[in-house]
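So the chains spell out like this:
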Amino acid sequence: QVQLVESGGGLVQAGGSLTLSCAASGLTFSDYAMGWFRQGPGKERDFVAAISRSGVTTQFARSVKGRFNISRVNTKNTVYLQMNSLKFEDTAVYYCAAGPLCGSHYYGVDDEYDYWGQGTQVTVSS
């Protein structure tokens, strides 16, 4: 049984930083690209960031590029999202996802991910 569990969400002031973690189990972690998506209240789920299976390639949404970083430690079956210079509009439930993506590919299509975590709430106060 595959399970993705996010943690690290909470309340933070604008301009602050927060790091989310997603621990995976029940799958060969290194066989999957990992992505982060978010959904704010009354909004559609949007792509945030993704990282390739090896960790060599990363992709970011325009709205977070330069502020967020994604990383993974395959020996720990964990992917991270480091969020800096947080803005009020970053407020959302953040989800991690795993998908069998590889090579030169756009990693921001949620339908291409097979497994999803339950989400963790990030609230940024202005």
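Below or above, wherever it landed, is the structure these notes cover.

Cut-offs and rules
Residues numbered from 1 in each chain as written. Predicted model: local features only at pLDDT ≥ 70, side-chain atom pairs only at ≥ 80, totals over all residues. Heavy atoms only, no water. Pairing = 2+ DSSP bridges. Helix = DSSP H or I, 4+ residues; strand = E, 2+ residues; numbered from the N terminus. Axes fitted to C-alpha atoms, helices over the stretch in contact; angles between N-to-C directions. Salt bridge = Lys/Arg side-chain N within 4 Å of Asp/Glu carboxyl O. Buried < 20%, exposed > 50% of the residue type's maximum accessible area, 1.4 Å probe, protein only. Disulfide = S-S within 2.5 Å. Core = buried A, V, L, I, M, F, W, Y, C linked by side-chain atoms within 4.5 Å.

### Regarding the sheet that holds strand β8 (residues 78–83)
Here comes step 1: The strand order across the open sheet formed by 4 strands is β1-β3-β8-β7, and the pairing between neighbours is antiparallel. Strands with a single pairing partner mark the edges of an open sheet, and in this sheet they are β1 (3–7) and β7 (68–73). On average, adjacent strands in this sheet sit at an angle of 15 degrees to one another, irrespective of strand direction.

### Here's the deal with the pattern of salt bridges
Here comes step 1: Going through the model one piece at a time under the given rule, you end up with 3 salt bridges.
Here comes step 2: The partner of D90 in a salt bridge is R38, and the shortest N-O contact between them spans 2.9 Å. Residue D90 is found in the loop between β8 and β9 (92–99), and its partner R38 is found in strand β4 (residues 33–39); the two are separated by 52 residues along the sequence.
Here comes step 3: Classification of D90 as buried rests on a relative accessible area of 1%.

### Quick look at unusual backbone geometry
A negative phi angle is the norm for most residues apart from glycine, just as the trans form is the norm for most peptide bonds.
Here comes step 1: Positive phi values are uncommon outside glycine, yet N77 reaches one of about 55 degrees.
Here comes step 2: The phi dihedral of S85 is positive, around 50 degrees, even though this residue is not glycine.
Here comes step 3: Position of S85 among the secondary structure elements: in the loop between β8 and β9.

### Things to note about the state of the cysteines
Here comes step 1: Tallied over the entire structure, the rule returns 1 disulfide.
Here comes step 2: What pairs with C22 in a disulfide is C96, and their sulfur atoms sit 1.9 Å apart. Between C22 and C96, the S-S torsion sits near 45 degrees, and that sign places the bridge as right-handed. With C22 in strand β3 (residues 18–25) and C96 in strand β9, the pair connects residues that are 74 residues apart, well separated along the chain.
Here comes step 3: With a relative accessible area of 0%, C96 lands in the buried category.
Here comes step 4: Residue C102 stays outside any disulfide, its sulfur separated by 20 Å from that of C96, the closest cysteine.

### Points about the nonpolar core
Here comes step 1: Residues W36, L81, M83 and Y94 are the most contacted members of the largest nonpolar core, which totals 36 residues.
Here comes step 2: Elements supplying a minimum of two residues to this core: β3, β4, β5 (46–51), β7, β8, β9 and β11 (120–125).

### Structural notes on the pairing of β1
Here comes step 1: Along β1, the buried face is formed by L4 and E6; none of Q3, V5 and S7, which line the opposite face, is buried.
Here comes step 2: Alignment of β1 against β3, held across 5 bridges, turns out to be antiparallel. From the neighbouring strand, L4 faces β3, where its bridge partner is A24.

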